[in-house]
Amino acid sequence: MAKSKAARKSGETMKIASSCETVVQGMDDEDDEELQRALADDIISASEDEGGSDDERKHCKLLEAISSLGGKKRKKLTERSEASIQVSEFTVNAEGEGDKINLSDLIGTLDKTPSALIKTKKQLKNLQHNQSTLETPLTRKETEKIQREVAFEKTSKEVSRWQSVVLQNQKAEQLVFPLNQEPSGPKRIEHVVAGWKAQTPLEQEIFSLLRMNKQPLHDPVLTPTEEASLRAMSLEEAKIRRAELQKARVLQSYYEAKAKRGKKIKSKKYHRVQKKVMRKEYLKQFDEMVKTDPAAALEELKKMELSRMKERMSLKHQNSGKWAKSKAIMAKYDDGARKAMQKQLEVNKDLTQKLVIPADEDEEDEEESAETLPDFVNDVEPILDQVNPWMRGKLSTEPMMEESNRLDPPVWPREVGKPGEGQDDQEEDEEQMEETEEESLLRGFEERRKLRQTEDVKVAPMPMVENDDGKKAEILEISDDDEEAVEISDDEEALEVSDDDEEAGLSNFTSLFHGLVNHMEPPADQPKAGPGLCQGESPALLEEGLVRVRTLEDVELLSQDISASDTALLTTQILGTEETDTQSATQQADKKRKKMIDPNEVLTKEAKIIEMPLAPTAVEDVEDKEEQRVIIKEAFAGDDVVSDFLKDKRKQEEAGRPKVIDLTLPGWGEWGGLGLQPSRSKRKRFRVKVAPPPPRQDQKLPNIIITEKRDSSIAAHQVCQLPFPFEKPIQFERTIRSPVGRTWNTQNAVQKITAPKVVTQLGAIIEPIAREDLIKHNRQAVTGPSINLESDQGPQKRRSQQKKKHKRKKN
Amino acid sequence: TTRGMLSDSRVFDACENRKSKAPKKSRIKKTEAVREEKKSPTDFRLSRLRRDSSGTSRSNWKINTMIMKTNNSIYLCRQSLFPSRNSCSPVQFRNSSFIHIHAMKVKVLSRNPDDYVRETKLDIQRVPRNYDPSLHLFEVPREYTRALNATKLERVFAKPFLASLDGHRDGVNCMAKHPKSLSTMLSGSCDGDVVWNLTKRECVRTLQAHEGFVRGMVVRFCGTSFFTVGDDKTIKQWKMETPGYGEEEEPLNTILGKSVFTSIDHHQKEGVFVMCGQQVDIWDEQRSSPIRSFSWGVDSFSCVRFNPVETELLASCASDRSIVLYDMREATPLKKVIMNMRSNTLCWNPMEAYNFTCSNEDYNLYTYDMRYLDKPFTVHMDHVSAVLDVDYSPTGKEFVSASFDKTIRIFPKDSGHSREVYHTKRMQHVISIKWSSDNKYILSASDEMNIRLWKANAAEKLGLLAPREKAAVNYSQKLKEKFLYHPQIRRISRHRHLPKSIYSQSKELRVMKEARRRKYGLLLYPYHNCLPYSGFLFSTLPEHILNTLVCNSQTTEVYTLQYVYQ
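Keep in mind it's a predicted model, so treat the numbers as computed, not measured.

J.: Is there a simple way to think about the overall build of chain B in this case?
T.: If you tally the helices and strands in chain B, you get nine helices and 34 strands. Expressed as a percentage of the 566 residues in chain B, the buried residues total 54%. Long-range contacts, defined as pairs at least 24 residues apart, comprise 50% of the intrachain contacts of chain B with a sequence gap of at least 6. Carbon and sulfur atoms form 51% of the exposed surface of chain B, whose accessible area is close to 26,400 Å².

J.: Where do I start with the sheet that holds strand β23 (residues 355-360) of chain B in this structure?
T.: Through backbone hydrogen bonds, the strands of a sheet pair up, either in parallel or in antiparallel fashion. Residues and elements named next belong to chain B. Spatial ordering of the open sheet is given by β22-β23-β24-β25, a layout of four strands whose pairing is antiparallel. The open sheet has two free edges, formed respectively by β22 (343-348) and β25 (378-380), since each of these has just one partner strand. Pairs of neighbouring strands in the sheet enclose a mean axial angle of 20°, with direction left out of account. Where strand β24 (residues 365-369) meets β25, three bridges bridge the pair, whose relative direction is antiparallel. Note on β25: the bridge partner recorded for Leu365 is His380.

J.: For this particular structure, what's the right way to read a nonpolar patch on the surface?
T.: Residue and element names in this part refer to chain A. On the surface, a cluster of nonpolar side chains totalling about 390 Å² of accessible area is made up of Ile661, Leu663, Phe686, Val688 and Val690. Examined against the element boundaries, Val688 turns out to sit in strand β4 (residues 687-688). We classify Val688 as partly exposed; its relative accessible area is 35%.

J.: Honestly, the side chain of Asp391 of chain B in this entry has me stumped. Any pointers?
T.: Residues and elements named next belong to chain B. On the secondary structure map, Asp391 appears in strand β26 (residues 387-392). Its relative accessible area of 7% is what places Asp391 among the buried residues. Polar contacts involving the side chain of Asp391 include one to the main-chain amide nitrogen of Trp435, which spans 2.7 Å. Residues in contact with Asp391, not counting those within four places in the same chain, are Lys177, Cys347, Phe399, Val400, Ile433, Lys434 and Trp435.

J.: Can you walk me through helix α4 (residues 118-129) of chain A in this structure?
T.: Counting along an α-helix, one turn takes 3.6 residues, and residues three or four places apart therefore face a common direction. Under the 1.5 Å per step criterion, the end-to-end length of α4 of chain A is 17 Å for 12 residues, consistent within 8% with the ideal 16 Å. Within α4 of chain A, only zero of the 12 residues are buried, which leaves the element largely exposed.

J.: Would you mind going over the sheet that holds strand β15 (residues 272-276) of chain B with me for this structure?
T.: Residues and elements named next belong to chain B. The strand order across the open sheet built from four strands is β14-β15-β16-β17, with neighbouring strands paired in antiparallel fashion. Every interior strand has two partners, whereas the edge strands, β14 (263-266) and β17 (290-294), have only one. Strand-to-strand, the axes of this sheet are offset by a mean angle of 20°, without reference to chain direction. Pairing between strand β16 (residues 280-284) and β17: four bridges, direction antiparallel. Across the sheet, Asp281 pairs through a bridge with Ser293, a residue of β17.

J.: Honestly, the packing of helix α12 (residues 294-313) of chain A against helix α14 (residues 335-352) of chain A in this entry has me stumped. Any pointers?
T.: Helix packing for two helices is described by the angle between their axes and how far apart those axes are. Residues and elements named next belong to chain A. α14 packs onto α12 with a crossing angle of 135° between their chain directions and a minimal axis gap of 8 Å. As judged from the angle between their axes, α12 and α14 are oblique. On α14, the residues that touch Arg308, Glu311 and Arg312 of α12 are Asn348, Leu351 and Thr352. Residues belonging to the contact of α12 with α14 are distributed by class as follows: one nonpolar, two polar and three charged.

J.: Would you mind showing me how to read the confidence of the model for chain B here?
T.: Any region with low pLDDT has predicted coordinates that should not be read closely. All names here are of chain B. Looking at chain B, the pLDDT average stands at 77 and 73% of residues meet or exceed 70. Here residues 1-101 is modelled with pLDDT under 50, and outside its nearest four sequence neighbours on either side it reaches 175 contacts, counting other chains as well. Counted against residues more than four places away or in other chains, residues 522-566, with its pLDDT under 50, gives 97 contacts. The ipTM for the predicted assembly is 0.74, set against a pTM of 0.52.

J.: Would you mind going over the packing of helix α11 (residues 268-292) of chain A against α12 of chain A with me for this structure?
T.: Residue and element names in this part refer to chain A. In contact at an axis separation of 7 Å, α11 and α12 are set at 140° when each is read in the N-to-C sense. Comparing their axes, α12 and α11 come out oblique. By crossing handedness, the relation of α11 to α12 is classed as left-handed. Contacts between α11 and α12 involve Tyr282, Leu283, Phe286, Met289, Val290 and Thr292 from the first element and Pro294, Ala296, Ala297, Glu300, Leu301 and Met304 from the second. A per-class count over the contact of α11 with α12 returns 10 nonpolar, one polar and one charged.

J.: What is the right way to read the packing of aromatic side chains from this model?
T.: For any pair of aromatic rings, the description consists of the separation of the ring centres together with the inter-plane angle of the planes. All chains considered together, the criterion is met by 15 aromatic pairs over all chains. Arranged with centres 6.4 Å apart and planes meeting at 85°, the rings of Phe726 of chain A and Tyr485 of chain B form a pair that is edge-to-face. With Phe726 of chain A in the loop between α27 (712-715) and α28 (729-737) and Tyr485 of chain B in the loop between α5 (467-482) and α6 (487-494), this pair bridges two chains. Put simply, the rings of Phe227, Phe261, Phe273 and Trp283 of chain B touch in pairs and so form one group of aromatic residues. Across the ring face of Trp296 of chain B, the terminal group of Lys336 of chain B is positioned such that the distance to the ring centre comes to 4.7 Å. A cation over an aromatic ring shows up here: Arg371 of chain B above the ring of Tyr354 of chain B, its NZ or CZ 3.8 Å from the ring centre.

J.: How should the pattern of salt bridges be read in this particular structure?
T.: If the charged atoms of two oppositely charged side chains come close together, the side chains can form a pair. Tallied over the entire structure, the rule returns 32 salt bridges over all chains. The salt bridge partner of Lys413 of chain B is Glu352 of chain B, with a shortest N-O separation of 2.8 Å. Linking Lys413 of chain B in the loop between β28 (408-412) and β29 (420-422) with Glu352 of chain B in the loop between β22 and β23, this pair joins segments that are 61 residues apart in sequence. Just as Lys413 of chain B is buried, Glu352 of chain B falls in that class too. Salt-bridge contacts for Arg409 of chain B lead to Asp382 of chain B; the nearest nitrogen and oxygen are separated by 3.7 Å. In this pair, Arg409 of chain B sits in strand β28 while Asp382 of chain B sits in the loop between β25 and β26, placing the two residues 27 residues apart along the sequence. Per residue, the accessibility class of Arg409 of chain B equals that of Asp382 of chain B, and both read buried. Where salt bridges share partners, they join Arg161 and Arg771 of chain A together with Glu310 and Glu312 of chain B into one cluster.

Calculation criteria
Residues numbered from 1 in each chain as written. Chains lettered and ligands numbered in written order. Predicted model: local features only at pLDDT ≥ 70, side-chain atom pairs only at ≥ 80, totals over all residues. Heavy atoms only, no water. Helix = DSSP H or I, 4+ residues; strand = E, 2+ residues; numbered from the N terminus. Buried < 20%, exposed > 50% of the residue type's maximum accessible area, 1.4 Å probe, protein only. Contact = heavy atoms within 4.5 Å. Areas by Shrake-Rupley, 256 points an atom, 1.4 Å probe, with all protein chains shown as cover. Pairing = 2+ DSSP bridges. Axes fitted to C-alpha atoms, helices over the stretch in contact; angles between N-to-C directions. Patch = residues over 30% accessible without salt bridge, like charges linked within 9 Å, V, L, I, M, F, W, Y side chains within 5 Å. Salt bridge = Lys/Arg side-chain N within 4 Å of Asp/Glu carboxyl O. Polar contact = N/O pair within 3.5 Å; in protein donor to acceptor, adjacent residues only side chain to side chain. Expected span 1.5 Å × (residues − 1). Parallel < 35°, antiparallel > 145°, perpendicular 65-115°, else oblique. Nonpolar A, V, L, I, M, F, W, Y, C, P; charged D, E, K, R; others polar. pLDDT = per-residue confidence, 0-100. Left-handed = near helix turned anticlockwise from the far one by under 90°. Phe/Tyr/Trp six-rings, centres within 6.5 Å; stacked < 30°, edge-to-face > 60°. Lys NZ or Arg CZ within 6 Å of the ring centre and 35° of its normal.

The structure is reproduced here in structure tokens:
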């Protein structure tokens, strides 16, 4: 009894010890409490029983020692038993022995076993000596949190691999489901062959034979040796190469000989001339280099700079040498000497002159070219053949224009020219004057054709004409004779220029004006763009109602409904704007007056031409605007804009008023004829008075004209807001303008345009995207989809090589 | 012929070309060298320019020969059009009855009958078409009219309801798709279990699987067997084949669980399935106890789903309003997001590994990117009652949701509002929904014992289409897309009929939303589907408003009040 009790106690002490060492791995609160209690108990009990237990243990050890003395080989068979319930995670409770186990005991066995690693032994020894306690491990909650975090990071990273695939699928023009379908139709032979394996012994034998002899398996064209031979040079090539080399060598020796000869020549003049030539050549080269290879040219420049520096440092051409001095004496009498001296000085000047960097000029040129548009931009597309639209294409009209400018009018005036024929033509003209007969005949033809063409042009409509000035020019051309072609073209240019100028001026002016207005009253625009119409519905929203659409009539009704609501909304909106307008009008009457100026009207009076550069100019400062405002104020001082506006409004009102319709027919029921008027009663009777239209919207608004020409029935079909992805109305209009149907596009184009975004196969099960797809996708991204024959052969080759190695080993 | 020739200006162009190209001297030389031929003018006929009928490109122009006759002179010129502008020499002879012609190749036009003769009588005659825009005017108005008609017809033909499968004697609680067969579908009701054949629209097999509700069912990935879980705390595995004559309907395998299971899902490729009830358990088919179980502070889960793409991932909806993510390979759950209201079910996108959508009690659906759980990717609103189930289309572009408000709605995956709403008079609360794996049909199971079969695209024509039909459909679809922003077309295409109750309710909701917007400003207004972030809300809102919001959260759009746990 006592023994067992002691054993239990010792177990508990052990428990305490361990708890002190490693304070709780993942302990619950209950465990904690228990421990505390146990600890308290033990402090008392341990002090009581300490001596007894120690004795017993020594006794046991003694016994063991004695028994071990007897026979070393005999080993004690220890019983293995299941872990009992009493075993707690903090103690090792072996039943047979009631001992407290120390770390030293465990290590003791280690010493005996020779197989134990020296390293671990060392570590254990170190541990024994180590006095410091280990750090407390984290609580379970915290460790789990960390685990979760790490795991989440890992998985999210793993999942992110799909990003590219998902994005690609989203962007794809067309997705065909099921995704990884094999393309139908005949496969390439490489695929078929690669997939096929030799199965029967005969086949295997054949293949092994083929492999041994390095015969091609997959692409049965060439053996490796054959390929190698192909890769090598052919005989002809080699010959050519050899000839080239020979020639080069000969040339080299020739040049060498020449240089030697040149060096031996003593004549100074020869050398001077030579140098001059060289210098010229060099300059030429440099010029070219500037154009072709600016970097190299820069280096050359540096070299030149260096030579200049040298020149400045030396006294070489400064007429200070012996020769110069002698010449200076002679200079008084000899003209040649003077000249020679002058030349020297010039040379010096040349050499010491700083170089002008040519790049600047280029820039200037560029700027110039950027400022003005080339003329052909505004040209109408030349219509080569009115009948055949296929003949339409951008053939430049410029050469023609130049031609007509250069040539005399009666010689071959041409409307339709082809590029690159201009100069030849001129040269040839002189020659052809000799052949007068042919010439005259040809000319006859020419003229006739010309006539016919003009007729054609007059008759045929011109669908491609876009801008007004182009039209004018065209018409002008048509109406005039051939001989005036030059003048016409000039006119055309002039017209264009003036028009352009006008436009530029206008735009300039309007921008200015806008700036002005904004400057004057910035908050005026804001209330208009309040939360009105637009934020009601997002485009995806369904319009759910109680109406069930069954037939086409219902659908029609639907559309009518919308138009009604639309107009209602519009009116409210307009009313709203009106209100704000009136308010602002009363507040700032004089400013309004300025706002009412019609820029177009003013412009026609002013006719001031402002050249607008194409490049965007810098934003003007506030001061500038102020100045401009003053200028404009002065400019428009005399205009009575208000009265003009009122007149306009009255005119519009007049136009909008319904007119009385007179349906009287003279001669019915009475005499008719010259000078006879139908009777008054009849006139009264047949005069139909139309009901007055609803009052004008701008009736009570003196400063506003609201046009009532807008057709609400059309408005219902028009887009009032710019839809989301578009940024400019032009973009949207462009998408609408390009037709989709077969009437306007070729069969293939229609098929391409109308291809649906998602294609599914009837009755095919669409599996979720698989990991293999991802791998495939990645591989495609790296190498591209092309199939490489060599890669197919690669492993086989390797395999054969391995086989060889094996054989060698066997041998 | 002369007239025709003269009108053709190209001939002259060509003449000029020649003239300008070659200087005269060389021509003289040529004349010396050539041999002369004698031919009468009548032998020649004008051969006109011909375009290869098959193509439009300029390369198809052929070299042509032109001979023209005027009073006493005849011109022969060989003309080749673009791209090479070469030889053409006009030669002129006067007062001669014979013509002397420079030796040149005189090429005669040859026509290939294949280009214009049809092979059989039944062939459609090839009609060369001129696409000159000036010949086909008013393209925009014409296409607009076509688009308008197409939308109208689409609305008229929109008849999505196909069939109703009735036979259950209690509300249908769950459904399962067959992974290998399109025509087979399984449904579990509150009293038993049924296998359906969809093509014949008849019940193939009925079996009493559980006592009480069948809570969940799933077909094994190979399609040979299926699992059911029920209220009687059992998991049963059944063969897909119907038992032969005389055989008894017995499960292959039965596992007794400790608690009630609410949902089951099977791994895509391995014999592993997952169940949830009090905790999320992962089972191996071969073992009688779960190989792993996850729990994280909650005691009841309503739904658990395997990720179909990254097959080791799982997600579950718990009763503490949370969605928890798991990895089968990890010991702990990954992450948890707590929403304002409970989510009923969730569904992974089968084409995008990291996206899933959950159907929430607060009338909305939320699409999440599992990597960024702190705010939903998109909020899909339109339902007017709790959303009970959601299923993705196999293309991953859209999903369908079933709601307590007796409607089914189809949402594009990235849009905040539905593109389609289905309902019938007799359909009650829709409990379960599935999108068939050929992307064509939708199956809905509802309270009143019926399963309904719908078309996924309401106006689509079923069955095989002739190529021309297909082209017409594509064309009209494209037109509808093109003119989508035009008010009439938009209005017509978006019009849907709704039962009065739902209509009025949605109206009410809208009013409430508007009122809230007015009260709290734009802050709380979901503008263009991007809701304010949770952190933003918490930091900016006064507390009393927050409280009211949480209280009224059934009707607010401020559901992103959520916490993300790690």
